[in-house]
Amino acid sequence: MTRVFNFCAGPAALPTPVLEKASAEMLDWQGKGLSVMEMSHRSPEYVSIAQKAEQDLRDLMSIPDNYKVLFMQGGATAQFAMIPMNLLRGKATADYINTGQWSAKAIKEAKRYCDVNVVASAEDKNFTYAPAQQDLKLNPEAAYVHYTPNETIGGVEFDYVPDTGDVPLVADFSSSILSEHIDVTKFALIYAGAQKNIGPAGLCIVIVREDLLGDVLVGTPTAMNYQVAADNGSMYNTPATYSWYLAGLVFQWLKDQGGVDAIRKVNERKAKKLYEFIDLNAFYSNPVAINNRSKMNVPFVLKDDALDKIFLAEAEKAGLLNLAGHRSVGGMRASIYNSVPEEAVDALIAFMADFAEKNM
Ligand code: PMP
């Protein structure tokens, strides 16, 4: 059996030891004679799996007790609607920072429920930077401020957490959760689709301060009400049980690696060497402002886009998969999440150096 190096933006690579454990437990979970997929979500076995996953996530992120951790469905996209439904709390406007395609989708969806005030946009420079704190035209009366700390497509990350005063701060951490320390206390709500740094698709983690719960927009579906999810331990209806279990294995793996701070150091090394290589080699380039370059998603273009297809085909032959940029922007993108080992980045750089030399 061979495993390739997978640079997919999501669903992304999972740690091999996690898949090995899931495989070993597939038919018979811990001597119970059945797969986790076949368990009742109400059984003591499954409840222990679910609770351990939550506790491990709380430990990894130092989540304070006054925050609920919800294991929801519908991906991060469903959160684009659930956030206004749950957090407008009688208000009619919300502030959004626009740094690229995912912020734009969140804005479009929120507009169905409230007046959206775009407090800063990076559109003037084709979404290649994150606006500075002093450029945010915040409205103190807004229900909340929403931003995307890491734009997965553009490869743009904030190098600071916006200060929004008393207005609740909401962040879409889909592509950077668990890659470095997040001070949860600075946020009213953090959400992340699972299929990058957490586990398989089908699950979306929501971490929300409990005092914000309970005042939902009229007509909010029950399955989209955070209070209902919180009151029922995310089991008002059947949750994505297997994805939740797999997420738990990933959290345990991350603890075994030494936790978030240990993985951050590896992530920083991986990103630094890849950007350094891109900057030094005239064959490749990345347009993002240096201090906003994402440590998780590294987009780059070749000197001549006529070579894109050959680059991708040869990369695949070399065991380097899913390097095509998002279908909307083209070019290349290497997503180097927690589970992508440093050797994968080394192999990518060696391949890129070789390809550039041959095609310069
Ligand atoms: N936000 C960000 C930052 C993302 O990267 C993605 C998915 N790539 C989404 C939202 C949408 O997530 P989902 O497909 O889980 O709805």
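Residues numbered from 1 in each chain as written. Predicted model: local features only at pLDDT ≥ 70, side-chain atom pairs only at ≥ 80, totals over all residues. Heavy atoms only, no water.

1. Points about a nonpolar patch on the surface
Stage number 1. Taken together, the side chains of Met26, Leu27 and Met37 define a hydrophobic patch exposed on the protein surface, amounting to about 320 Å² of accessible area.
Stage number 2. Following the sequence through the fold, leucine 27 ends up in the loop between helix 1 (16–24) and helix 2 (44–61).
Stage number 3. Leucine 27 sits in the exposed class, given a relative accessible area of 72%. (Patch = residues over 30% accessible without salt bridge, like charges linked within 9 Å, V, L, I, M, F, W, Y side chains within 5 Å. Areas by Shrake-Rupley, 256 points an atom, 1.4 Å probe, with all protein chains shown as cover. Salt bridge = Lys/Arg side-chain N within 4 Å of Asp/Glu carboxyl O. Helix = DSSP H or I, 4+ residues; strand = E, 2+ residues; numbered from the N terminus. Buried < 20%, exposed > 50% of the residue type's maximum accessible area, 1.4 Å probe, protein only.)

2. Concerning the side chain of arginine 293
Stage number 1. Structurally, the position occupied by arginine 293 is in the loop between strand 11 (284–285) and strand 12 (297–302).
Stage number 2. Judged by its relative accessible area of 9%, arginine 293 is buried.
Stage number 3. A distance of 2.8 Å separates polar atoms of two side chains, one belonging to arginine 293 and the other to aspartate 279.
Stage number 4. Arginine 293 has contacts with Gly155, Glu157, Tyr275, Asp279, Asn286 and Val288, leaving out every residue within four places of it along the chain. (Polar contact = N/O pair within 3.5 Å; in protein donor to acceptor, adjacent residues only side chain to side chain. Contact = heavy atoms within 4.5 Å.)

3. Let's talk about the pairing of strand 3 (residues 93–98)
Stage number 1. Among the 6 residues that make up strand 3, 5 are buried, leaving the element largely enclosed by the rest of the structure.
Stage number 2. In the classification by handedness, the crossover that spans strand 3, the intervening helix 4 (residues 101–110) and the parallel strand 4 (residues 115–121) is right-handed. (Right-handed = clockwise from strand over helix to strand, strands pointing away.)

4. Focus on helix 7 (residues 260–280)
Stage number 1. Over its 21 residues, helix 7 runs 30 Å from end to end, which matches the ideal 30 Å to within 8%, given 1.5 Å per residue.
Stage number 2. On its buried side, helix 7 packs onto helix 2, helix 6 (241–256), strand 11, strand 12, strand 14 (332–335) and helix 9 (342–359). (Expected span 1.5 Å × (residues − 1).)

5. A few points about the sheet that holds strand 2 (residues 67–72)
Stage number 1. Spatially, 7 strands are ordered 2-10-9-8-5-3-4 in an open sheet, and the strand pairing comes out mixed. The open sheet terminates on both sides in strands that have one partner only, identified here as strand 2 and strand 4. With strand direction ignored, the average angle separating the axes of adjacent strands in the sheet is 20 degrees.
Stage number 2. Relative to the sheet, helix 3 (residues 75–87) contacts strand 2, strand 3, strand 5 (145–147), strand 8 (169–172), strand 9 (189–193) and strand 10 (204–209), its axis offset from that of strand 9 by approximately 160 degrees.
Stage number 3. Across the sheet, helix 4 is in contact with strand 3, strand 4 and strand 5; its angle to strand 3 comes to roughly 160 degrees. (Pairing = 2+ DSSP bridges. Axes fitted to C-alpha atoms, helices over the stretch in contact; angles between N-to-C directions.)

6. Quick look at the nonpolar core
Stage number 1. By size, the foremost hydrophobic cluster in this structure holds 57 residues, and its most contacted members are Met61, Ile177, Leu178, Ile198, Ile207 and Tyr245.
Stage number 2. Of all the elements, helix 6 adds the most residues to this core, at 10 residues.
Stage number 3. In this structure, this core is formed jointly by two domains, domain 1 (16–256) and domain 2 (259–359), each of which donates at least three residues.
Stage number 4. Look past the residues within four positions of leucine 178 in its chain and what remains in contact with it is Leu57, Leu60, Met61, Asn197, Ile198, Phe251, Leu254, Val260, Ile263 and Asn338.
Stage number 5. Counting residues in each nonpolar core, the second largest holds 31 residues, with Ala78, Tyr144, Leu189 and Leu212 among its members. (Core = buried A, V, L, I, M, F, W, Y, C linked by side-chain atoms within 4.5 Å. Domains from an automatic or database assignment.)

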